[in-house]
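# Remarks on the overall topology
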2 protein chains.
Amino acid sequence: MIRVFIIDDHPMVIEGIKSLLTQSSVAEICGSAQTGSTALEALKSMEAEIALVDINLPDLSGIELCGMLKKQFPKIKVLGLSTFKERSYITRMIGAGASGYLLKNATREELEDAITAAWRGQLYMSLEAAAILTKPAPDTPDLPLLTAREKEILLLIAEGMTNQEIAEKLFISPLTVDSHRKNLLAKFGVKNTAAMVRFAIEFKLIEY
Amino acid sequence: MIRVFIIDDHPMVIEGIKSLLTQSSVAEICGSAQTGSTALEALKSMEAEIALVDINLPDLSGIELCGMLKKQFPKIKVLGLSTFKERSYITRMIGAGASGYLLKNATREELEDAITAAWRGQLYMSLEAAAILTKPAPDTPDLPLLTAREKEILLLIAEGMTNQEIAEKLFISPLTVDSHRKNLLAKFGVKNTAAMVRFAIEFKLIEY
DNA sequence: ATTTTTCTACCTGAAAAAGGGGATTTTGCA
DNA sequence: TGCAAAATCCCCTTTTTCAGGTAGAAAAAT
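All values reported here derive from a predicted model rather than from experimental measurement. (Residues numbered from 1 in each chain as written. Chains lettered and ligands numbered in written order. Predicted model: local features only at pLDDT ≥ 70, side-chain atom pairs only at ≥ 80, totals over all residues. Heavy atoms only, no water.)

### As for the overall build of chain A
Across its full length, chain A carries ten helices and six strands. The C-alpha atoms of chain A give 23 Å as radius of gyration, which overshoots the globular expectation for 208 residues (17 Å, by more than 25%). The buried share among the 208 residues of chain A stands at 50%. When contacts within chain A are restricted to residue pairs at least 6 apart in sequence, those whose partners lie at least 24 apart make up 63%. Here chain A displays about 10000 Å² of accessible surface, and carbon together with sulfur accounts for 54% of that area. For chain A, the separation between the mean place of its 23 positive charges and that of its 26 negative charges on side chains is 4 Å. (Helix = DSSP H or I, 4+ residues; strand = E, 2+ residues; numbered from the N terminus. Rg over C-alpha atoms; globule rule 2.2 N^0.38 Å. Buried < 20%, exposed > 50% of the residue type's maximum accessible area, 1.4 Å probe, protein only. Contact = heavy atoms within 4.5 Å. Areas by Shrake-Rupley, 256 points an atom, 1.4 Å probe, with all protein chains shown as cover. Lys, Arg positive; Asp, Glu negative; His and termini not counted. Charge placed at Lys NZ, Arg CZ, Asp CG, Glu CD.)

### So, the environment of A:D178
Tracing the backbone through its elements, the reader meets A:D178 in helix α9 (residues 174–188). Separated by 140 residues in sequence, A:D178 and A:T38 have C-alpha atoms that sit 53 Å apart.

### Here we look at the protein's contact with DNA strand D
Around DNA strand D there are 18 residues in total, and A:K182, A:T193, B:T147, B:S173 and B:S179 lie nearest to it. Atoms of DNA strand D within 4 Å of the protein belong to the sugar or the phosphate in 64% of instances, the rest to bases. Between A:R181 and DNA strand D, the recorded distance is 3.1 Å, taken from a side-chain N or O atom to a phosphate oxygen. Within the contact set of DNA strand D, a phosphate oxygen lies 2.6 Å away from a backbone nitrogen or oxygen of A:T193. Taken together, the elements giving at least two residues each to the surface near DNA strand D come down to α9 of chain A together with α7 (148–158) and α9 (174–188) of chain B. (Near = heavy atom within 4 Å. Polar contact = N/O pair within 3.5 Å; in protein donor to acceptor, adjacent residues only side chain to side chain.)

### Some remarks on the packing of helix α1 (residues 11–22) of chain B against helix α5 (residues 108–119) of chain B
Residue and element names in this part refer to chain B. Relative orientation of the contacting elements α1 and α5 amounts to 85°, with a least axis distance of 10 Å. Between α1 and α5, the crossing angle belongs to the class labelled roughly perpendicular. Between α1 and α5, the residues in contact are I17, L20 and L21 and R108, L111, E112 and I115, respectively. Within the contact of α1 with α5, the residues separate by chemical class into five nonpolar, no polar and two charged. (Axes fitted to C-alpha atoms, helices over the stretch in contact; angles between N-to-C directions. Parallel < 35°, antiparallel > 145°, perpendicular 65-115°, else oblique. Nonpolar A, V, L, I, M, F, W, Y, C, P; charged D, E, K, R; others polar.)

### Things to note about the layout of surface pockets
The space that makes up the second largest pocket amounts to roughly 510 Å³. Together, 20 residues line the second largest pocket, and A:A117, A:Q122, A:L123, A:Y124 and B:L123 are the ones closest to its centre. Those elements that place two or more of their residues in the lining of the second largest pocket are α5 (108–119) and β6 (124–125) of chain A together with α5 and β6 (124–125) of chain B. With five residues, α5(A) is the single largest residue contributor to the lining of the second largest pocket. (1 Å grid on protein atoms, 1.4 Å probe; cavity = no way out; pocket = protein on both sides within 12 Å on 5 of 7 lines; lining within 4 Å. Points joined across faces, edges and corners; volume = space filled by probe spheres on them.)

### Things to note about the interface of chain B and chain A
With 45 residues of chain B at the contact, the number on the chain A side is 45 residues. In total, chain B and chain A occlude about 3500 Å² of area from one another, counting both sides; carbon and sulfur atoms represent 57% of this. When the buried area of chain B at its contact with chain A is split by residue, B:T134, B:R198 and B:Y208 rank highest and sum to 20% of it. Linking chain B with chain A are two salt bridges. Across the pair B:E165 and A:K191 runs a salt bridge, and its minimum N-O distance is 2.6 Å. On inspection of chain B and its partner chain A, the count reaches eight residue pairs in polar contact (both at pLDDT 80 or more). Contributing elements (two or more residues each) for the side of chain B that touches chain A: α3 (62–72), α4 (87–95), α6 (127–134), α7 and α10 (193–202) of chain B. (Buried area = accessible area lost by both parts, 1.4 Å probe. Salt bridge = Lys/Arg side-chain N within 4 Å of Asp/Glu carboxyl O.)

### Re the protein's contact with DNA strand C
If you check the shell around DNA strand C, you find 17 residues, and the closest are A:T147, A:R149, A:S173, B:K182 and B:T193. A share of 66% of the atoms of DNA strand C within 4 Å of the protein falls on sugar and phosphate groups. The side chain of A:R149 places a nitrogen or oxygen atom 2.9 Å from a phosphate oxygen of DNA strand C. Contacts to DNA strand C include B:T193, whose backbone N or O atom sits 2.5 Å from a phosphate oxygen. For the surface near DNA strand C, the secondary-structure elements that each account for two or more residues are α7 (148–158) and α9 of chain A together with α9 of chain B. Counting residues per element, the surface near DNA strand C draws most heavily on α9(A), which supplies four residues. Of the residues assigned to the surface near DNA strand C, the class counts are four nonpolar, nine polar and four charged.

### Structural notes on the relation of the copies chain B and chain A
Mapping chain B onto chain A calls for a screw motion: a turn of 180° about the axis and a shift of 0.2 Å along it, with 0.5 Å RMSD after fitting. With respect to symmetry, the two chain copies, as superposed, fit the operation of a two-fold axis. Residue B:A194 of chain B places its C-alpha closer to the rotation axis than any other residue of that unit, at 2.8 Å. With an isologous cut-off of 70% or more, the 98% of interface residues of chain B that recur at the interface of chain A puts this contact in the isologous class. (Least-squares fit on C-alpha atoms with pLDDT ≥ 70 in both.)

Here it is, written out as structure tokens:
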């Protein structure tokens, strides 16, 4: 029997999962907690194999908690659990090391499949969550078209180079760099470099 | 038979996949390309169901190409293919809408499993890739510990607010904001705001 | 060939940030 | 209570960026 620990701030969710798994031949509940910190403490004296982690906890986000769980209890596999169908939650949870993601409308069968897959070292994604991930991303707002030179200079700005440094690197005048910088500010509709860098990363115009 | 299009800059990889799938009862190769742009063009006049996309192409990254494929051909499921075992490639590929990720050492069976799962709308992750994702993240470099106030001010800086604006928002002196800003620069080991914002996003100290 | 876009360069001055210090008060914790 | 850390505030100077333009040459598109 795979030992499962539940972390959710809603007691009725905890009870619901317990009820679903009561007659499971696959998994048994070894404990539960309503906050991330309580869970971290409880898991120190408990042999859990799987943690079902709600994305929204009162003290920590599920994403943060997942990272902490993986670090402190590397043997435990984490499954994210949420009502949220947001692709960014899913990808961040996976990025944090989760072995899967379930929506809270999961059937007992899906729960068991997820727990079993995670326990085997597989990545489990419910059909519904997979559909969210694999559908085309929503149309991003029309992004400004940057010239090649603007892109080049944007990268260098984001590395922290001053106009003078960039000018020396590209064999142009610092005044020219300044002109490009102003064009970038105008195209992004922002008023300074901080916002420019953030915009560029947010809209994947540069990588980090 | 599931129609599969291969995109890889190495002809020997394309041939290898073709060879593996020659006697497949599941999939058939309907075409191939060595660059992203060639693939996008070819797929306009081709009924492919699955695209196997190499992460490193000469013209586009596999991640970019995945996004473009999902946008222009929403019906096509994308599977990432790489020698790279880097978690960030995997998560970014999934974030771009891929239905799975395979390493180039995959067996015919794994290839077929991936293609079938993707075709069914599931997310496929090879055992090896899943292991990379679900193992505890490598120890990040020791990140600077920020005080609560520093975090607060970092967020506002990254939104593009000036010291004066932040001071008014927090009911403190602009000089205080400046002090925190200097502390942040020192803690991050960077010399200006552009690099500060980038560092903060890169190391997930702020979100965007 | 013409038009449009991009790149380059410049001007001036104000605003903002960065550098390099310093100090006092407040807060949290043992 | 005492101590360390955090928060707050200050000084002065220099550097850098931003605002708000202008304009010509080169490259690209038509």
